[in-house]
Amino acid sequence: MLATATATAAAAWPAVRSDSLHIVWPHRWEHDKGPEEFFHVLARLHSSGCCFRVSVLGEQYGEVPPCFEEFKEKAGADHIVNWGYLPSKAAYFDVLREADVVVSTALHEFFGVAMLEAVSLGCYPLMPNRLVYPELFEDPHHFFNTPAQLFKRLKALCARPDTVRSSAASRRAVAERYTWQALKGPFAQLLTRQ
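Residues numbered from 1 in each chain as written. Predicted model: local features only at pLDDT ≥ 70, side-chain atom pairs only at ≥ 80, totals over all residues. Heavy atoms only, no water.

From N to C terminus, the protein chain includes ten helices and six strands. Counting only C-alpha atoms, the protein chain reaches 75 × 40 × 30 Å along its principal axes. Burial status across the protein chain gives 43% buried among its 194 residues. In the protein chain, the share of contacts with a sequence separation of at least 24, taken over all contacts with a separation of at least 6, comes to 71%. Of the roughly 10,500 Å² that the protein chain leaves accessible, carbon and sulfur atoms contribute 58%. Charged side chains of the protein chain number 20 positive and 21 negative; the gap between the two group centres comes to 6 Å. (Helix = DSSP H or I, 4+ residues; strand = E, 2+ residues; numbered from the N terminus. Buried < 20%, exposed > 50% of the residue type's maximum accessible area, 1.4 Å probe, protein only. Contact = heavy atoms within 4.5 Å. Areas by Shrake-Rupley, 256 points an atom, 1.4 Å probe, with all protein chains shown as cover. Lys, Arg positive; Asp, Glu negative; His and termini not counted. Charge placed at Lys NZ, Arg CZ, Asp CG, Glu CD.)

Tracing the chain through its elements places H31 in the loop between strand 1 (21–26) and helix 2 (35–47). Spatially, the C-alpha atoms of H31 and F187 are 35 Å apart, while their sequence positions differ by 156 residues. Beyond its immediate chain neighbours, meaning those up to four positions away, H31 contacts E36, P65 and L107. Here the side chain of H31 touches E36 through a polar contact of 2.6 Å, side chain to side chain. (Polar contact = N/O pair within 3.5 Å; in protein donor to acceptor, adjacent residues only side chain to side chain.)

This brings us to the confidence of the model for the protein chain. Model confidence for the protein chain is summarised by a mean pLDDT of 87, while 91% of its residues fall at 70 or above. Taken element by element, the protein chain is modelled with least confidence in helix 1 (residues 2–12), mean pLDDT 37, and with most confidence in strand 1, mean pLDDT 98. This model gives residues 1–15 a pLDDT under 50, and the stretch forms 13 contacts once residues within four places in sequence are excluded. (pLDDT = per-residue confidence, 0-100.)

Our focus in this paragraph is the sheet that holds strand 6 (residues 143–144). In a beta sheet, neighbouring strands are held together by backbone hydrogen bonds and run either parallel or antiparallel to one another. In space, the six strands of this open sheet follow the order 3-2-1-4-5-6, with parallel pairing throughout. Strand pairing shows two members of the sheet lacking a second neighbour, strand 3 (80–84) and strand 6, which therefore form its edges. Both strand 2 (residues 52–57) and strand 3 contribute to a ladder of four bridges, which runs parallel. What sits directly across from V56, in strand 3, is W83. Helix 7 (residues 147–159) contacts strand 1, strand 2, strand 4 (101–103), strand 5 (124–128) and strand 6 of the sheet and is inclined by roughly 165° relative to strand 5. (Pairing = 2+ DSSP bridges. Axes fitted to C-alpha atoms, helices over the stretch in contact; angles between N-to-C directions.)

Note that an α-helix has 3.6 residues per turn; residues three or four places apart therefore point the same way. Within helix 5 (residues 113–120), six of the eight residues are buried, which leaves the element mostly enclosed by the surrounding structure. In the core, the buried residues of helix 5 are packed alongside strand 1, helix 4 (89–98), strand 4, strand 5, helix 6 (133–136) and helix 9 (168–176).

Bringing the nonpolar core into the picture now. Residues I23, F38, L42, L45, V101 and L154 are the most contacted members of the largest nonpolar core, which totals 29 residues. F38 has contacts with I23, W25, V54, V56, V103 and T105, leaving out every residue within four places of it along the chain. With 23 residues, the next largest nonpolar core counts L57, L86, L96 and M115 among its residues. (Core = buried A, V, L, I, M, F, W, Y, C linked by side-chain atoms within 4.5 Å.)

Looking now at the packing of helix 2 against helix 3 (residues 67–75). One way to put it is that helix 2 packs onto helix 3 with a least axis distance of 10 Å and a crossing angle of 20°. Here helix 3 runs roughly parallel to helix 2, going by the angle between their axes. Helix 2 and helix 3 meet at a crossing whose hand is left-handed. Contact with helix 2, carried on its side by P35, E36, F39 and L42, involves C67, F68 and F71 of helix 3 and no other residues of that element. Counted by class, the contact of helix 2 with helix 3 contains six nonpolar, no polar and one charged residues. (Parallel < 35°, antiparallel > 145°, perpendicular 65-115°, else oblique. Left-handed = near helix turned anticlockwise from the far one by under 90°. Nonpolar A, V, L, I, M, F, W, Y, C, P; charged D, E, K, R; others polar.)

Here it is in structure tokens:
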């Protein structure tokens, strides 16, 4: 019976190519980050024949929503590049550097540090058109209003991952305005005003 279940799972989620779109979701494993929506969109992508790999990163506190384990069982090791909290910030940055697209499905967000970190390392951001994100990012192509729009954008990127890979350097400038090098002068002026 186990061999049959394993064969069925493998047939449902076939092996992916190493050059497939690499999607990263680097958020806390809690309901307010919208993991159910994210995994639902990934399941739709797969059902549509899209080829992708995924890294699901982030810390886990208390009770983890069941959608994480459900997705991990369905997708299998061929689709999952990284799963869970990484042992160091360097390892985390390495994954972000290797990924093509960073996705947020957050229902609650104060600043969006994980999204800015990923963009600073070259990821193409896709995020809800709400919360703090419209203040951080200006390009309307990075926003979605519904899960259907997120699905449509990811489906297009799965078909042409080269489109995001070739423009990674231009996205880094968006996050550079939040680095210490960019902010230390304005902060120093603000703190030394009399």
